[in-house]
Amino acid sequence: MSYIHNVQYYETDKMSITHHSNYIRWMEEARLDFLKRSGWDYAKLEDEGIISPVLSVSCDYKKATTYPDTISIDVAVKEFKGVKLFLSYVMKNEEGTVVCTGTSSHCFLNAEGRPISMKKDYPEFFETLNDLIDKESK
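Residues numbered from 1 in each chain as written. Predicted model: local features only at pLDDT ≥ 70, side-chain atom pairs only at ≥ 80, totals over all residues. Heavy atoms only, no water.

Taken together, the side chains of Glu46, Asp47, Glu48 and Glu124 make up a negatively charged region of the molecular surface. Mapped onto the elements, Asp47 comes out in helix 2 (residues 42-47). (Patch = residues over 30% accessible without salt bridge, like charges linked within 9 Å, V, L, I, M, F, W, Y side chains within 5 Å. Areas by Shrake-Rupley, 256 points an atom, 1.4 Å probe, with all protein chains shown as cover. Salt bridge = Lys/Arg side-chain N within 4 Å of Asp/Glu carboxyl O. Lys, Arg positive; Asp, Glu negative; His and termini not counted. Charge placed at Lys NZ, Arg CZ, Asp CG, Glu CD. Helix = DSSP H or I, 4+ residues; strand = E, 2+ residues; numbered from the N terminus.)

As structure tokens, this is what we get:
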């Protein structure tokens, strides 16, 4: 199931094109929705004492979007080995044309900022992420 984002007027620049920084925000929106649908929304993670900072993010812009385009964003787990999580994003317009692709990487830390052994300390979440790995990327 795709996350849907409607381009807002304030997200566009003087040329009526979506400002490039917004695609990163949309990736975060889609990532939080993805986690929520997996049963591990960010509030639950924080309640469990897990924080997941972004380590890296990249976007490849393919086609401009404008107000009021509707963008579908598909998120997939590309790799997860218990320490780092790598996600991919594909954004498409209403016609199904890819407008942007992206990736992000994340780690999992406790409240003190120390790395967590996901397999040992949070086996349910570990298994959930393993089950979500995009089989095509293996």
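In this structure the tally under the stated criterion is seven aromatic pairs. Taking the centre distance of 6.2 Å and the plane angle of 90 degrees together, the rings of Phe80 and Phe108 count as edge-to-face. Of this pair, Phe80 sits in strand 3 (residues 70-80) while Phe108 sits in the loop between strand 5 (98-107) and helix 3 (118-121), and the two are 28 residues apart along the sequence. The two residues Phe80 and Phe108 agree in class, both being buried. (Phe/Tyr/Trp six-rings, centres within 6.5 Å; stacked < 30°, edge-to-face > 60°. Buried < 20%, exposed > 50% of the residue type's maximum accessible area, 1.4 Å probe, protein only.)

Attention now goes to the pattern of salt bridges. By the definition in use, this model includes three salt bridges. A salt bridge links Asp33 to Arg37; its shortest N-O distance comes to 2.8 Å. Pair noted here: Asp33 and Arg37 are both in helix 1 (residues 21-37), with a separation of four residues, about one helical turn. On the basis of relative accessibility, which here comes to 37%, the residue Arg37 falls in the partly exposed class. Across the salt bridge formed by Asp134 and Lys78, the nearest N and O atoms sit 3.2 Å from each other. One end of the pair, Asp134, is in the segment after helix 4 (123-131); the other, Lys78, is in strand 3, with 56 residues separating them in the sequence.

The next thing to look at is the environment of Asp47. The class for Asp47 is exposed, based on a relative accessible area of 70%. Between the C-alpha atom of Asp47 and that of Ile133, which follows or precedes it by 86 residues, the distance is 24 Å.

Across soluble globular proteins, nonpolar side chains show a tendency to be buried alongside one another. Within the largest apolar cluster, 31 residues are counted, with the highest numbers of intra-cluster contacts made by Ile50, Ile73, Phe80, Met91, Phe108, Met118 and Phe125. Those elements that provide at least two residues to this core are helix 1, strand 3, strand 4 (84-92), strand 5 and helix 4. Per element, the largest residue contribution to this core is six residues, and it comes from helix 1. Apart from the residues lying within four places of it in its own chain, the contact partners of Phe125 are Leu35, Trp40, Leu45, Ile50, Phe108 and Met118. (Core = buried A, V, L, I, M, F, W, Y, C linked by side-chain atoms within 4.5 Å. Contact = heavy atoms within 4.5 Å.)

On to the state of the cysteines. According to the stated counting rule, one finds zero disulfides in the structure shown. Of the cysteine sulfurs around Cys59, a residue in no disulfide, the closest is that of Cys100, at 4.1 Å. For Cys59, a relative accessible area of 16% corresponds to the buried category. (Disulfide = S-S within 2.5 Å.)

Treat this as a map of the structure, not an account of what it does.
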